[in-house]
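Each chain, letter by letter, is given below.
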Amino acid sequence: MPFELHIWGPAFGLPSIDPECAATVAYFARIIPQGQWTLIADYDTSISPQNEFPVLIDGASKTTGFSNIVSYLRNHHSGAYDLDYSLTHEQQTDRTAYVSFLRSTAGPLLDLFLYVSSENYNAATSSAYTAILPWLANYTIPPKRRDLARARTSHLGLSSLDVDEATEETRGPGSGTASSEYEAAKRAAGIPTEGQPKALNLGRRKGLGGLLSSPIYAARFKLDALSSEVFDPISDLLGKKDYLLDGDKPSSLDCLAFGYLSLMLYAPAPQAWLKEAIGTKYPRILRYIRRLRAELLGGVEIDSALVWSITNGKDTETPQNLPWQPRCRQGLVTSAVKAANQIMGNMPVVSAMVRNQVVIQDDGKSLISASRSSLPSSWVLNTIAACSALATAGLAGLAIHQRRNPREGLLIFWALRPSTGFNAFGEAESFLSVLAGQMQGGASM
Amino acid sequence: MTTAQSDTHDEPSRDTRRPRAAQQSHSIFSVPTPIKQLFDRFPLLSYPSNDLPLRAPANRNAHVLHVFSTDKGALAGAPSYNPACLKWQAYLKFCGIDFKLQASNNHASPSGALPFLIPATASGTSAGKESKSLGLSVVPSNKLQKWGMQNCGEGQAIQEPGDFRYEAYLSLVDLNVRRAWLYTLYLSPNFSTLAEPLYILPTSTNPLVRLSTASTLQSAAAAELLKTSAVINADELHRQADEAFAALEMLLGDNEWFFGAEKPGLWDASVFAYTHLLLDERLSGVEGCWVDSRVRDLVRARKGLVGHRERILKGWF
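Conventions we followed
Residues numbered from 1 in each chain as written. Chains lettered and ligands numbered in written order. Predicted model: local features only at pLDDT ≥ 70, side-chain atom pairs only at ≥ 80, totals over all residues. Heavy atoms only, no water. Helix = DSSP H or I, 4+ residues; strand = E, 2+ residues; numbered from the N terminus. Buried < 20%, exposed > 50% of the residue type's maximum accessible area, 1.4 Å probe, protein only. Contact = heavy atoms within 4.5 Å. Areas by Shrake-Rupley, 256 points an atom, 1.4 Å probe, with all protein chains shown as cover. Pairing = 2+ DSSP bridges. Axes fitted to C-alpha atoms, helices over the stretch in contact; angles between N-to-C directions. Buried area = accessible area lost by both parts, 1.4 Å probe. Salt bridge = Lys/Arg side-chain N within 4 Å of Asp/Glu carboxyl O. Polar contact = N/O pair within 3.5 Å; in protein donor to acceptor, adjacent residues only side chain to side chain. Nonpolar A, V, L, I, M, F, W, Y, C, P; charged D, E, K, R; others polar. Phe/Tyr/Trp six-rings, centres within 6.5 Å; stacked < 30°, edge-to-face > 60°. Lys NZ or Arg CZ within 6 Å of the ring centre and 35° of its normal. Patch = residues over 30% accessible without salt bridge, like charges linked within 9 Å, V, L, I, M, F, W, Y side chains within 5 Å. Lys, Arg positive; Asp, Glu negative; His and termini not counted. Charge placed at Lys NZ, Arg CZ, Asp CG, Glu CD. pLDDT = per-residue confidence, 0-100.

Chemist: Looking at this structure, I do not really get the overall build of chain A. What am I missing?
Modeler: A tally of helices and strands in chain A yields 17 helices and five strands. Counting the 445 residues in chain A, one finds 40% classified as buried. A sequence separation of at least 24 residues applies to 70% of the contacts in chain A between residues at least 6 apart. Only carbon and sulfur atoms are counted for the fraction: they give 58% of the accessible area of chain A, which is about 25,300 Å².

Written out as structure tokens, the structure reads:
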């Protein structure tokens, strides 16, 4: 039975929009012979035990994640499908270190590039997702992955990339009127409008400093620093070799590097700072990625539309160099339930109530007897909650009862009426009784 | 009389009115003489200035590093129980800088995170300009390395190894080991024996406040772990930590310090911060506080890392 590899669908001419999926495909294409594996562009992560792609299904066992799949192939098929078998012990250690290095540095950089930067997201990423997802999932999956990318990069302090530039133009006075739309259309077409003579953006108001301190340029300096943090060590490791570790053969680290770096290089984003950085400062990395693409994937542009039609079983004729297969069709009921779940999970208020607990998978936990905690246990908390709920219900009941049977006549609190007249002010304030007399007089009048 | 008055009333001339208005404003805004005399006698009595609060910085002539610690541990200079704090504590010790510890919490820090250092005021002449505006110059953790370089003794400056694998291996500590640490401390059964006495019980005596602090802490740890994977899988975290420890042990090899350096540096401090805490069997002050010892066992199996930790512990603590 062939291996079944489920991944996020292709984008930008690359096998997948996700770096780890693209890396896994590159690994498979390199070492596993044609006919022994199939590739499925999927979008339903619930088939994966860890709710993530890539997933390798080999008979009954399912493996998630690039590193896990690589070690599964190494351990379960007697080393036949191991790209790293010729590495020395030290190189294996280096591979472990650089794999985690790529994850922890190149991952956030790619997140910034594809998801956080609103210009790139709107122009490139979201349309790439449109090509590989059914229409309904377009409203749930890309925003979710964007939120995750935002969370991963929040510590970098670059959320200024996330400014929707459109707001700047439309927020002006009189926006939304027919004439302003006309002006905007003219501006977009490059025709000078009489509304505002724009000689140069470098006006007195901004100046060069102002231009450089505008969010996109201020972020640019930080982004350049971040990208050199990623590319410098890789460039050092690559040196003059053809591959990162071994001189003459690609390893699993090369596949992972290809997954991350190819998305940086080939995504047709309007703000292509990563592509520029690689092109100008790291020509060796540029040549390395191009070479890997030709060697690992045959240098073919993957057509997302074609793969989409294969995935849905409409087109089985066109030959591909990757073994794309249609995804198995689900019953109408299951897909409807899944769609409903996804919609529920994205509604602002409902999701907070429906959201299930964080999934923690730990087999060993049950073996350890939990020790006594000095915090109040759950039954104490439940008791308090029950008591306060009871009290609230009682008060509410009383209020409803009062509302239903209003008391007849005026409600007079006899206890509050002064019994001894206004002399009750006491001796020290006896002069106030003058006031009281006035009040009484006023009242009687 | 009346006619004269009515005359002036009927024919109001500006010339006569102005001086009157000026006189009036003078009488309104100037302080009446008796009150002025009264206030001239103030202050009747000036009290001596209050003593500083007991918690005010006492050791202004020494550098004070604020870390997560117990009051007793801070006095004894014991290792902090927070990895980030312990890393800088060890680094400053490697630099040969004499400093005092102060038990603190996140709310005390200007940047919102511990550790931070308040340099001694006597040596703070170079930082004096900054301290004028702030009242006190504070070194946050991301500037501690630079500060340590500037303030260590002659010939004590630590040159970080220029190995090109430095960043790659550092990511093993910052990603794999840290994730396993977060899981084992906050989400495993260790939470009630380790995180509770160390982080939660000192914050408040109210059980409900403690409970909400605990759940905030746990959900923050879970959110941190969920950033890089869709579910939290303990086996995977432990496997990654084991890989990382194996790689670190390999990197250390037979050397005394990482990258074959002559004396320990920031790298050794960042590894020590995790290995020491994982190997410390009385981390919360009680024997047997490691209920879930799976990550701890991973380190214990690595003899090289255990030896590395012992060397630092003996030499500097």
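Chemist: For this particular structure, what's the right way to read the sheet that holds strand S3 (residues 116-118) of chain B?
Modeler: The strands that make up a sheet pair up through hydrogen bonds in the backbone, lying either parallel or antiparallel. Residues and elements named next belong to chain B. A sheet is described by the order of its strands in space; here four strands give the open sequence S2-S1-S3-S4, paired in mixed fashion. Strands with a single pairing partner mark the edges of an open sheet, and in this sheet they are strand S2 (99-103) and strand S4 (139-140). Both S3 and S4 contribute to a ladder of two bridges, which runs antiparallel. Within S4, the position partnered with Leu 117 by the bridge is Val 139. Across the sheet, helix H5 (residues 83-94) is in contact with strand S1 (63-67), S2 and S3; its angle to S2 comes to roughly 165°.

Chemist: Whenever I open this one, the interface of chain A and chain B confuses me. Can you help?
Modeler: When the parts of a complex come together, some accessible area is lost, and that lost area is often used as the size of the interface. Taken together, the contact between chain A and chain B spans 40 residues of the former and 43 residues of the latter. A buried area of about 3,500 Å², summed over both sides, lies between chain A and chain B, and 61% of it is on carbon and sulfur atoms. Joining chain A to chain B, the criterion identifies two salt bridges. With its nearest N and O atoms 3.6 Å apart, the salt bridge here joins Asp94(A) to Arg165(B). There are 11 residue pairs in polar contact (both at pLDDT 80 or more) connecting chain A and chain B. When contributions to the side of chain A that touches chain B are tallied by element, the ones reaching two or more residues are helix H3 (89-116), helix H5 (141-153), helix H9 (215-238), strand S5 (360-361) and helix H16 (378-404) of chain A. For the side of chain A that touches chain B, the leading source of residues is H3(A), giving 11 residues. Of the residues assigned to the side of chain A that touches chain B, the class counts are 15 nonpolar, 15 polar and 10 charged.

Chemist: For this particular structure, what's the right way to read the packing of aromatic side chains?
Modeler: Any aromatic ring pair is given by two values, namely how distant the centres are and how the planes are angled relative to each other. Inspection of the entire model under this criterion finds 24 aromatic pairs over all chains. Judged by centre distance (5.2 Å) and plane angle (80°), the rings of Trp8(A) and Phe53(A) are edge-to-face. Here the residue Trp8(A) occupies a position in the loop between strand S1 (3-7) and helix H1 (19-31), and Phe53(A) occupies one in the loop between strand S2 (37-41) and strand S3 (55-58), the gap between them amounting to 45 residues. As far as the burial class goes, Trp8(A) and Phe53(A) line up, both buried. When the centroid spacing of 5.3 Å and the interplanar angle of 80° are considered together, the rings of Phe113(A) and Trp273(A) count as edge-to-face. Of this pair, Phe113(A) sits in helix H3 while Trp273(A) sits in helix H11 (residues 273-281), and the two are 160 residues apart along the sequence. An aromatic cluster is present here, built from Phe3(A), Phe28(A), Trp37(A) and Tyr81(A) joined pairwise through their rings. Its end group placed over the ring of Tyr266(A), Arg293(A) keeps NZ or CZ at 4.3 Å from the ring centre. Above the face of the Trp257(B) ring, Arg311(B) is positioned so that its terminal group lies 5.5 Å from the ring centre.

Chemist: Sorry, what's going on with the side chain of Asn176(B) here?
Modeler: Tracing the backbone shows Asn176(B) in helix H8 (residues 166-187). For Asn176(B), a relative accessible area of 6% corresponds to the buried category.

Chemist: It is not clear to me how a nonpolar patch on the surface should be interpreted in this structure. Could you clarify?
Modeler: A cluster of nonpolar side chains, Val31(B), Ile35(B), Leu38(B), Phe39(B), Phe42(B), Leu44(B), Leu45(B) and Tyr47(B), forms an exposed patch at the surface whose accessible area comes to about 920 Å². Tracing the chain through its elements places Tyr47(B) in the loop between helix H3 (33-40) and S1.

Chemist: I tried to follow the pairing of S1(B) on my own but got confused; where do I start?
Modeler: Side chains on a regular strand alternate between the two faces of the sheet. Residues and elements named next belong to chain B. Counting buried positions along S1 yields five of five residues, so the element is predominantly enclosed. Side chains His 63, Leu 65 and Val 67 of S1 all project onto a buried face; the interleaved residues Val 64 and His 66 project onto the opposite face, where all are buried too. Inspection of the sheet shows S1 paired to S2 by five bridges, in the parallel sense. Its bridge partner lying in S2, His 63 is registered against Phe 99. Of the pairings in the sheet, the one linking S1 to S3 comprises three bridges and is antiparallel in character. Paired with His 66 across the bridge in S3 is Phe 116.

Chemist: How should I be thinking about the pattern of salt bridges in this particular structure?
Modeler: Pairing between side chains becomes possible if they bear opposite charge and their charged atoms approach one another. Residue and element names in this part refer to chain A. Here the structure, examined in full by the defined rule, presents 20 salt bridges over all chains. Of the charged contacts, one joins Glu 20 and Arg 103 as a salt bridge, the two residues approaching to 2.6 Å between their closest N and O atoms. Pair noted here: Glu 20 is in helix H1 and Arg 103 is in helix H3, with a separation of 83 residues, a long-range link. We note a salt bridge from Glu 301 to Arg 293, for which the minimum N-O separation is 3.6 Å. According to the relative accessible area criterion, Arg 293 is buried, its value standing at 7%. Through salt bridges with shared partners, a single network forms among Arg 74, Asp 82, Asp 84 and Arg 95.

Chemist: Is there a simple way to explain unusual backbone geometry in this structure?
Modeler: Most peptide bonds are trans, and most residues other than glycine sit at a negative phi. Residue Phe53(A) is joined to Pro54(A) through a cis peptide bond whose omega torsion reads 0°. By the element assignment, Pro54(A) lies in the loop between S2 and S3. Residues Leu114(B) and Pro115(B) are joined by a peptide bond in cis, for which omega reads 0°. Here Pro115(B) shows up in the loop between S2 and S3. Although it is not a glycine, Phe12(A) sits at a positive phi angle of roughly 55°.

Chemist: What am I meant to see in a negative patch on the surface here?
Modeler: On the surface, a cluster of negative charge is made up of Glu229(A), Asp232(A), Asp236(A) and Glu167(B). For the negative patch, the leading source of residues is H9(A), giving three residues. By secondary structure assignment, the location of Asp232(A) is in helix H9. For Asp232(A), a relative accessible area of 35% translates into the label partly exposed.

Chemist: When you look at the confidence of the model for chain A in this model, what are you seeing that I'm missing?
Modeler: Predicted coordinates in areas of low pLDDT are best not read in detail. Residues and elements named next belong to chain A. Overall, the prediction assigns chain A a mean pLDDT of 77, with 73% of residues at 70 or greater. Between the elements of chain A, mean pLDDT differs from a low of 41, seen in helix H6 (residues 165-170), to a high of 92, seen in helix H10 (residues 252-266). Confidence drops under pLDDT 50 across residues 192-205; counting only partners more than four residues distant or on other chains, this segment forms 12 contacts. Counting contacts from residues 441-445, a segment whose pLDDT is below 50, to residues more than four positions away or on other chains yields zero contacts.

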